[in-house]
Amino acid sequence: MIAEISTLSPEERATRLQHLGGPLPRAVRPNRSPPGDEALPDLPDLPGAEPGKVTLRFAPFPSGALHVGHARGIFLNDAYRQRYDGRFFLVFDDTVGSAEKRPSLESYDLILEDFQLAGVKLSKIYYKSDRLPEYYRHLPPLLEQGSAYVCLCPAEELRRRREAREPCPERDREKAWQQEAWEGMLSGRYGEGEAVVRLKTDLNHPNPAFRDRVLFRISELDHPRVGHRYRVWPLLEYSWGVDDVELGITHVLRGKDLVMEDEMEQALWKAWGWTGPRFTHFGLLRIREAKLSKSKFQKEIASGAFEGWSDPRTWSLRSLWRRGIRPDAVRQFVLSFGLSLADIEVPAETLYAMNRHLIDPTTPRRAFVPQPVPVKVLGDPLGPRRVELANHPEHPEMGERTLQVDDLFYLPGRDVASHLGEEVRLKDLLNVRLPGSIRPEPLPANFTSQPNKPLPRLQWVPAGEAVPVSVLGVDHELTEGFGEADLARAPEGGLFQFERFGFVRADVLPLAGERRRFFFAHP
RNA sequence: GCUCCCGUAGUCUAGUGGUCAAGGAUAGAGGCCUCUCGAGCCUCUGACGCGGGUUCAAAUCCCGCCGGGAGCACCA
């Protein structure tokens, strides 16, 4: 069986890739490593997981597009969903946030779209901003049994007392007062910052943040989905304490940065007498080249310096896809780290290598001539003619394209400069001797012979049908030049390998008179 | 500072007491192939942080140290 899979996998890969033009859903795989992913380590089993009885969730805060760190959580959850034939929920973690960290309306669509393009199937989508009544409903019992209380301390005072391990004056007030004060928070008797609800925990807890943590606070911030409908908002741990149980989550797979939240949720479940899901963590993942922060991107995007969330400099998932990096490569990439708890920084090169393996067998080759120099070939006995070139050197079934050749060509300026006076080969066409200097405008080069010879090989474009092309690099550096004629009509999303240059993806078709733009994926 | 996590080659990762004179990926070197500086094939370089202990036997268990990371909001 395994031997069978490995012999079939090249074709299997190829056929799958042919269908990957758009956001098609991926086929459900059996379990463990899917075909084509022999290199991936098997993930360990989830504690207490039973096939058909696993529910997972992913909970992004909607403040921008998803990045590679998110991808680790998403693909890991998705891998387990597939293994156990379970359910996977997307839960928008869209409570009001804070003045510095706010949800934005466009982010909901951005995230949904990212999931679709990633090929991750969702069983259900929830919005926390729809679930405020649920959160409210579970608080009174906590007040009633004295495990939570309303605190009227100003923020500064709260922090000071917490640091000093001192209780606040309201901590032990009678239940009736607590219930009444809670009603007061909901009805608007207190203003922003004047009252919070806190969980009663050990005031001597070694982690100050854990001492009587805040459960609800008042916020007058406008919410992109529900506006000002609510003014009392739960904090992350409380909303999760409720949702992880009410939505029937069985396993929580989250980043290591959220370990403290486990303890908080468990404290809440203990107070309610509930049993919650199991927690599993994974370390933080960063791509070495992606140094900038999310808030920095927001600023650059707002100012217009960046072209939105798909700007390659953001290293967002959509920016990778825009460059021609397949979602499947990202999936393999993040799954290759397993459930490791180490925080890691991986060079993008590793991701590129995976993508290259994935796309190379099915990506057509084309000539792109950067910094073009016009060259006139003198004495070519074959004269003007049409030549056919294979789209892929190893896959003749991918067909050919036809070029109309005359005596005028564009050659890469750098190569011409470094081979002046030498004989070079225009790849797949003919051999010429370059002149000793770059003087006359169409550079005269004498035809020497036609058959292949072991000479430096240069890519070329017939001047008569050259198309102006630009390639936008990862850091937004622009390389301009000429490409083969049919690149003008390449559909958006088309992948090409520009020979001796790298893999690129065609951007939207340009307006009349504009250069055709491609995004650079990797060498 | 406090709490927690991690420490296998340049970078990731497999490894849960013997089959490890440590496997894979990526990067690097060399060769083959190829009318691309891509892919493919072959070969090579290269690692268990340090010090104790437990054991017949330790990358694997225990302790200490040293390094690295994360968390420590009325953010998520």
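1. Here's the deal with helix α2 (residues 68–84)
Here is step 1: Along its 17 residues, α2 runs 24 Å from first to last C-alpha, staying within 8% of the 24 Å computed at 1.5 Å per residue.
Here is step 2: When you tally the buried positions in α2, you get 16 out of 17 residues, the bulk of the element.

2. Points about the sheet that holds strand β23 (residues 467–472)
Across a sheet, strands are paired by hydrogen bonds formed along the backbone, either parallel or antiparallel in direction.
Here is step 1: Read across the open sheet, the 7 strands follow the order β12-β25-β26-β27-β23-β24-β13; overall the sheet is mixed. Every interior strand has two partners, whereas the edge strands, β12 (365–366) and β13 (368–370), have only one.
Here is step 2: Both β13 and strand β24 (residues 478–483) contribute to a ladder of 3 bridges, which runs antiparallel. Looking at the pairing, Phe 368 lines up with Gly 483 of β24.

3. Observations concerning the pattern of salt bridges
Here is step 1: Counting across every chain of the model gives 47 salt bridges.
Here is step 2: In this structure, Arg 161 and Glu 157 form a salt bridge, with 3.0 Å as the shortest nitrogen-oxygen distance. Note that Arg 161 and Glu 157 are positioned in helix α6 (residues 155–163) at a spacing of 4 residues, about one turn of the helix.
Here is step 3: On the basis of relative accessible area, Arg 161 is assigned to the buried category, the value being 17%.
Here is step 4: On the accessibility criterion, Glu 157 (23% relative accessible area) is partly exposed.
Here is step 5: Between Arg 365 and Asp 360 there is a salt bridge, with its nearest N and O atoms 2.6 Å apart.
Here is step 6: Among the residues examined, Arg 365 registers a relative accessible area of 6% and is labelled buried.
Here is step 7: For Asp 360, a relative accessible area of 24% gives the class partly exposed.

4. Description of the protein's contact with RNA strand B
Here is step 1: Lining the immediate surroundings of RNA strand B are 56 residues, of which Arg 162, Asp 343, Glu 394, Arg 425 and Arg 500 lie closest.
Here is step 2: Sugar and phosphate atoms form 67% of the subset of RNA strand B atoms that lie within 4 Å of the protein.
Here is step 3: In this structure, a base nitrogen belonging to RNA strand B sits 2.5 Å away from a side-chain N or O atom of Glu 261.
Here is step 4: Of the residues forming the surface near RNA strand B, the biggest block, 5 residues, is contributed by helix α13 (residues 348–359).
Here is step 5: Tallied by class, residues from the surface near RNA strand B come to 21 nonpolar, 11 polar and 24 charged.

5. A word on the confidence of the model for chain A
Here is step 1: Taken over all residues, the pLDDT of chain A has a mean of 90, while the share at 70 or more is 92%.
Here is step 2: Per-residue pLDDT stays below 50 along residues 1–39; that stretch engages in 46 contacts with residues further than four places along the chain or on separate chains.

6. Observations regarding the packing of helix α12 (residues 327–335) against α13
Here is step 1: Relative orientation of the contacting elements α12 and α13 amounts to 130°, with a least axis distance of 9 Å. Between α12 and α13, the angle is such that the two are oblique. Note that α12 runs across α13; the crossing there is right-handed. Contacts between α12 and α13 involve Asp 328, Ala 329, Val 330, Gln 332 and Phe 333 from the first element and Thr 350, Leu 351, Met 354, Asn 355 and Leu 358 from the second.

7. Section: the pairing of strand β8 (residues 251–255)
Here is step 1: With 5 of 5 residues buried, β8 is to be regarded as a mostly interior element.
Here is step 2: Between the parallel pair β8 and strand β9 (residues 278–282), the chain is carried across by helix α9 (residues 259–272), and the sense of this crossover is right-handed.

8. Notes on the side chain of Glu 423
Here is step 1: Residue position: Glu 423 is located in strand β18 (residues 423–426).
Here is step 2: Engagement of the side chain of Glu 423 in a polar contact is seen with the side chain of Thr 448, the distance being 2.6 Å.
Here is step 3: Within polar-contact distance, the side chain of Glu 423 engages the side chain of Lys 453 at 3.1 Å.
Here is step 4: Beyond its immediate chain neighbours, meaning those up to four positions away, Glu 423 contacts Asn 431, Val 432, Arg 433, Thr 448, Ser 449, Lys 453, Leu 455 and Pro 456.

9. Brief notes about the packing of aromatic side chains
Here is step 1: Counted by the stated rule, this structure contains 26 aromatic pairs.
Here is step 2: A centroid spacing of 6.2 Å and a plane angle of 75° characterise the contact between Tyr 136 and Tyr 230, whose relative ring orientation is edge-to-face. Taken as a pair, Tyr 136 in helix α4 (residues 132–137) and Tyr 230 in the loop between β6 (214–218) and β7 (232–234) lie far apart in primary sequence, 94 residues in all.
Here is step 3: Take Tyr 136: its relative accessible area is 16%, and that puts it in the buried class.
Here is step 4: Where Tyr 230 meets Trp 233, the ring centres are 6.0 Å apart and the plane angle is 80°; that geometry is what we call edge-to-face.
Here is step 5: For Tyr 230, a relative accessible area of 15% puts it in the buried group.
Here is step 6: Overall, Trp 233 belongs to the buried group, its relative accessible area being 0%.
Here is step 7: What links up through ring pairs into an aromatic cluster is the set Tyr 136, Trp 182, Phe 216, Tyr 230, Trp 233, Tyr 238, Trp 272 and Trp 274.
Here is step 8: The ring centre of Tyr 108 lies 6.0 Å from the NZ or CZ of Arg 225, which sits over that ring.
Here is step 9: The cationic tip of Arg 225 hangs over the ring face of Tyr 127; the distance from NZ or CZ to the ring centre is 3.9 Å.

10. Here we look at the pairing of strand β15 (residues 385–390)
Here is step 1: The alternating pattern of β15 places Arg 385, Val 387 and Leu 389 on a buried face, while none of Arg 386, Glu 388 and Ala 390, on the opposite face, is buried.
Here is step 2: Examined bridge by bridge, β15 and strand β16 (residues 400–405) share 6 bridges and lie antiparallel to one another. By the bridge assignment for β16, Glu 388 is matched with Thr 402.

11. Details of the nonpolar core
Across soluble globular proteins, nonpolar side chains show a tendency to be buried alongside one another.
Here is step 1: Grouped together as the largest cluster of nonpolar side chains are 52 residues, with contacts concentrated most on Phe 115, Leu 320, Val 330 and Phe 333.
Here is step 2: Counting residues per element, the ones that place at least two in this core are β1 (55–58), α2, β2 (87–92), α3 (105–118), β10 (285–287), α11 (317–322), α12 and α13.
Here is step 3: For this core, the leading source of residues is α2, giving 8 residues.
Here is step 4: Two domains each put at least three residues into this core: domain 1 (20–130 + 240–358) and domain 3 (363–523).
Here is step 5: Ignoring anything within four residues of it in the chain, the contact list for Phe 333 reads Val 68, Leu 285, Ile 287, Val 346, Thr 350, Leu 351 and Met 354.
Here is step 6: In terms of nonpolar packing, the next biggest core, distinct from the first, is built from 40 residues, Val 197, Phe 210, Phe 216 and Val 242 among them.

The rules behind these values
- Residues numbered from 1 in each chain as written.
- Chains lettered and ligands numbered in written order.
- Predicted model: local features only at pLDDT ≥ 70, side-chain atom pairs only at ≥ 80, totals over all residues.
- Heavy atoms only, no water.
- Helix = DSSP H or I, 4+ residues; strand = E, 2+ residues; numbered from the N terminus.
- Expected span 1.5 Å × (residues − 1).
- Buried < 20%, exposed > 50% of the residue type's maximum accessible area, 1.4 Å probe, protein only.
- Pairing = 2+ DSSP bridges.
- Salt bridge = Lys/Arg side-chain N within 4 Å of Asp/Glu carboxyl O.
- Near = heavy atom within 4 Å.
- Polar contact = N/O pair within 3.5 Å; in protein donor to acceptor, adjacent residues only side chain to side chain.
- Nonpolar A, V, L, I, M, F, W, Y, C, P; charged D, E, K, R; others polar.
- pLDDT = per-residue confidence, 0-100.
- Contact = heavy atoms within 4.5 Å.
- Axes fitted to C-alpha atoms, helices over the stretch in contact; angles between N-to-C directions.
- Parallel < 35°, antiparallel > 145°, perpendicular 65-115°, else oblique.
- Left-handed = near helix turned anticlockwise from the far one by under 90°.
- Right-handed = clockwise from strand over helix to strand, strands pointing away.
- Phe/Tyr/Trp six-rings, centres within 6.5 Å; stacked < 30°, edge-to-face > 60°.
- Lys NZ or Arg CZ within 6 Å of the ring centre and 35° of its normal.
- Core = buried A, V, L, I, M, F, W, Y, C linked by side-chain atoms within 4.5 Å.
- Domains from an automatic or database assignment.

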